[in-house]
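# Per-entry structural report
Here's the letter readout for the chains.
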Amino acid sequence: QAFLQLKEKCWTSGASRKCVKPFHSCARKVWSTAGWPAKQQWKSAGRALQFVAAAAPGAATSGPMCQAVQTAKRRIAAAGSLAVCCSSCACQLVEPSVVVADAAQLFESLDPVNLGAAFVDLWTASGKHLSASVWVQRGPRGKASWKRPKGPADEWSLPSLLRAIRAGSSLSFAKVGAICFRLRGVPTGGPISAALAEVRMVHAERRVWLQAMGTAPTRYVDDLLACSMCLCVSCLCSMIQASAPGLTWSFTVASAAAPARWLDTLWKPGPQATVLS
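Summary of the structure given here.

Calculation notes
- Residues numbered from 1 in each chain as written.
- Predicted model: local features only at pLDDT ≥ 70, side-chain atom pairs only at ≥ 80, totals over all residues.
- Heavy atoms only, no water.
- Core = buried A, V, L, I, M, F, W, Y, C linked by side-chain atoms within 4.5 Å.
- Buried < 20%, exposed > 50% of the residue type's maximum accessible area, 1.4 Å probe, protein only.
- Helix = DSSP H or I, 4+ residues; strand = E, 2+ residues; numbered from the N terminus.
- Contact = heavy atoms within 4.5 Å.
- Phe/Tyr/Trp six-rings, centres within 6.5 Å; stacked < 30°, edge-to-face > 60°.
- Pairing = 2+ DSSP bridges.
- Salt bridge = Lys/Arg side-chain N within 4 Å of Asp/Glu carboxyl O.
- Axes fitted to C-alpha atoms, helices over the stretch in contact; angles between N-to-C directions.
- Parallel < 35°, antiparallel > 145°, perpendicular 65-115°, else oblique.
- Left-handed = near helix turned anticlockwise from the far one by under 90°.
- Nonpolar A, V, L, I, M, F, W, Y, C, P; charged D, E, K, R; others polar.

Looking now at the nonpolar core. Most often, soluble globular proteins have nonpolar side chains that are buried together. With 53 residues, the main nonpolar core has L49, F119, L196, I240 and W249 as its most contacted residues. Counting only elements with at least two residues in this core, the list comes to α1 (39–55), β3 (97–104), α3 (112–125), β4 (133–137), α4 (158–168), α5 (193–210), β10 (223–228) and α6 (233–243). Among the elements that take part in this core, α5 stands out by supplying seven residues, more than any other. When neighbours within four sequence positions are excluded, L49 is seen to be in contact with F119, L161, I165, I192, A195, L196 and V199.

Below is the structure:
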């Protein structure tokens, strides 16, 4: 069963749209997986996919939402001190550049062929042999690892995860009432939809962020917080766009007077070349 979920930040209490961002997704198309067969195995496969994606060098992923803010703070602290001028266009910098970006229509852009090739590339980037396996502990908070843990665990080889990607990204039929229709891409709320989005984003972004010295990107699914000590706002936005070609990004530039909201937290350039949340 599919249903729409309106984003609170985009609508008034009277259900009138207040969002002015172009191409912004102001409603989520959510597919309920209640009663889904082998649901725990799907969750296990999703954890394995996210583990491999997050292990790739250059990944901007934040991990679980409960860790996102602390991850962002840690990366910003490691970004170094403010440069005198932008390393790309040489304009003068007076404060860190802080940008919140949202990738529109991410789940609609996912397809099984490209996702499979992207995942093989991430697996190779991790430095593991193609015959290696990912192990996921069973249970509601089971962790993934390249080594077999103690206790019950699921083993996921590369071929088995590629089959999960193919199956999970081919679930495009939905039903609302008596009407059946086909969705473009992958429905939000699918059994491994979030993991598939991570594979797509990390594969696209990692080579760009590996070269971005003095820049701290932290992304939760399609919401990105990027802070740079050596790029101006314009060059930082261009780099974000280059990190995921094919997607349309909307940007919110933070200033001391107008903080930008990311995952229900406010961020702005602070005194003495710091970034405050």
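From this point, the discussion proceeds with the structure in view.
Looking at the element boundaries, S87 is found in the loop between α2 (65–77) and β3. Linking S87 and A212, residues 125 residues apart in sequence, is a C-alpha distance of 9.8 Å. Excluding residues that lie within four positions of it along the chain, S87 makes contacts with C230 and L231.

Looking now at the packing of aromatic side chains. Evaluated as defined, the whole model comprises four aromatic pairs. Considering the side-chain rings of F119 and W123, the 6.0 Å spacing of their centres and the 65° angle between planes classify their relative orientation as edge-to-face. Residue F119 and its partner W123 are both found in helix α3; the two are separated by four residues, about one turn of the helix. For the pair formed by F119 and W123, the shared burial category is buried.

Right, let's get into the sheet that holds strand β6 (residues 153–157). Paired through backbone hydrogen bonds, the strands of a sheet run either parallel or antiparallel to each other. Spatially, β5-β4-β6 is the arrangement adopted by the three strands of the open sheet, whose pairing is antiparallel. Two strands close off the open sheet at either side, each with one partner strand: β5 (144–145) and β6. As defined by bridge partners, β4 adjoins β6 across five bridges and the pair is classed as antiparallel. Bridging across to β6, W135 finds its partner in E155.

This part takes up the pattern of salt bridges. Here the structure, examined in full by the defined rule, presents five salt bridges. Here D154 ties to R138 by a salt bridge, and the two come within 2.9 Å at their closest N and O atoms. Within this pair, whereas D154 is found in strand β6, its partner R138 is found in the loop between β4 and β5, the two being separated by 16 residues in sequence. The exposed category is assigned to R138, whose relative accessible area is 54%. In this structure, E205 engages R219 in a salt bridge whose closest nitrogen and oxygen atoms are separated by 2.9 Å. In this pair, E205 sits in helix α5 while R219 sits in strand β9 (residues 215–220), placing the two residues 14 residues apart along the sequence. Judged by relative accessible area, which is 2%, E205 ranks as buried.

This part takes up the sheet that holds β3. One open sheet holds the four strands; their spatial order is β9-β10-β3-β11, and the pairing between them is antiparallel. Looking at which strands have only one partner, the edges of the open sheet turn out to be β9 and β11 (248–253). Across the sheet, the axes of successive neighbouring strands diverge by a mean angle of 20°, strand direction being ignored. Where β3 meets β10, six bridges bridge the pair, whose relative direction is antiparallel. Note on β10: the bridge partner recorded for V98 is C227. This element, α2, spans β9 and β10 of the sheet and lies at about 175° to β9. Together, β9, β10 and β11 form the strand contacts of α5, whose direction differs from that of β9 by roughly 175°.

Our focus in this paragraph is the packing of α1 against α3. Two numbers describe how α1 lies on α3: the axes approach to 8 Å, and their chain directions differ by 60°. Considering their axes alone, α1 and α3 lie oblique with respect to each other. Like other packed secondary-structure pairs, α1 and α3 cross with a definite hand, here left-handed. Here α1 contributes L49, V52 and A53 to the contact with α3, which in turn contributes F119, L122 and W123. Here the contact of α1 with α3 is built from residues that sort into six nonpolar, no polar and no charged.

Before going further, it helps to examine unusual backbone geometry. Of note in the backbone geometry, V221 takes a positive phi value of approximately 55° without being a glycine. Following the sequence through the fold, V221 ends up in the loop between β9 and β10. V221 sits in the buried class, given a relative accessible area of 16%. Phi at L263 takes a positive value of approximately 50°, unusual for a residue other than glycine. Topologically, L263 is positioned in the loop between β12 (260–262) and β13 (265–270).

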